[in-house]
Amino acid sequence: EGNIYRLDLPPATDYDVERFLALLQRPTTPERLQQAIDLYTGPYLPRYEQPWAVGLRNNLAERYINAQLELASMLFATDAAAALEHYQAVLVVDPFHTHAVMGLMQAHTMLGRRSYALDLYHDYTRRINENGLDPDRAVEQVYRQLLDER
């Protein structure tokens, strides 16, 4: 149709992006979130820089991050080690994600690794300063709470 491409798939076609989005429909459960997370294999069409591809790529990455954070939050109280893995996965996609950094710091603290949590803060502030940014106040607040717990 002119300068527009359209993909008409047969009704029974299994499309991973469609399954990923369907699994994230509410209500979410830990199982559905994990299934969606397992489907995400990295940036969508990374070699395409057309606005439609970049927009969809960013949207899918954001949904993946949100799924990781939501599952980490569900697991945090009962399995901080499992939550830790999900926070780390977020930082692979977005190395400066505030909630993931805070979650990592708090999970390490719950696991008795307070000094590691403090080191994470120092690493975060170093990396963020190297990029000309200021540390998020919420991350600084978690750091100050850790210092107060001495």
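For the structure itself, consult the block above.
Here the residue index of a chain counts from 1 through its sequence in written order. Confidence filtering applies because this is a predicted model: local features only for residues at pLDDT of at least 70, side-chain atom pairs given and counted only at 80 or more, and all residues used for totals across whole chains, interfaces and linings. Side-chain measures were taken over the full set of non-hydrogen atoms in the model, leaving aside hydrogen atoms and water.

K.L.:
Which parts of the structure should I look at to understand the overall build of the protein chain?
P.N.:
Scanning the protein chain from terminus to terminus reveals seven helices and zero strands. What counts as a helix is a DSSP run of H or I of at least four residues, what counts as a strand is a run of E of at least two, and both are numbered from the N terminus. Helices (α) and strands (β) of the protein chain occur, in sequence order from the N terminus, as α-α-α-α-α-α-α. In terms of overall size, the protein chain is more extended than a compact globule, its C-alpha atoms giving a radius of gyration of 19 Å where 150 residues would be expected to give roughly 15 Å. Each principal axis of the C-alpha atoms in the protein chain carries an extent, and together these give about 65 × 35 × 20 Å. Burial status across the protein chain gives 35% buried among its 150 residues. Should any heavy atoms of two residues lie within 4.5 Å, those residues are counted as being in contact. Taking as baseline every contact in the protein chain between residues at least 6 positions apart, the subset at least 24 positions apart corresponds to 50%. Summed over its atoms, the accessible surface of the protein chain is roughly 9,800 Å², and 51% of this surface lies on carbon and sulfur atoms. Here the radius of gyration uses the C-alpha set of atoms, whereas the globule reference equals 2.2 Å times the residue count to the power 0.38. Residue burial is assigned from relative accessible area. The probe radius is 1.4 Å, only protein chains are included, and a residue is buried under 20% of its type maximum, exposed over 50%, and partly exposed in between. Each accessible area value is a Shrake-Rupley result obtained with a 1.4 Å probe; residue values ignore everything except the protein chains displayed when judging cover.

K.L.:
What is the right way to read unusual backbone geometry from this model?
P.N.:
A negative phi angle is the norm for most residues apart from glycine, just as the trans form is the norm for most peptide bonds. Pro27 follows Arg26 through a cis peptide bond whose omega is -5°. Look at Leu45: it is not a glycine, yet its phi comes out positive at around 45°. By relative accessible area, which is 29% here, Leu45 ends up partly exposed.

K.L.:
Where do I start with the environment of Asn66 in this structure?
P.N.:
The residue Asn66 is located in helix H3 (residues 51–76) in this model. Residue classification places Asn66 among the partly exposed residues on the basis of a relative accessible area of 41%. In the structure, Asn66 is positioned 24 residues away from Val90 in sequence and 8.6 Å away in space, judged by C-alpha atoms.

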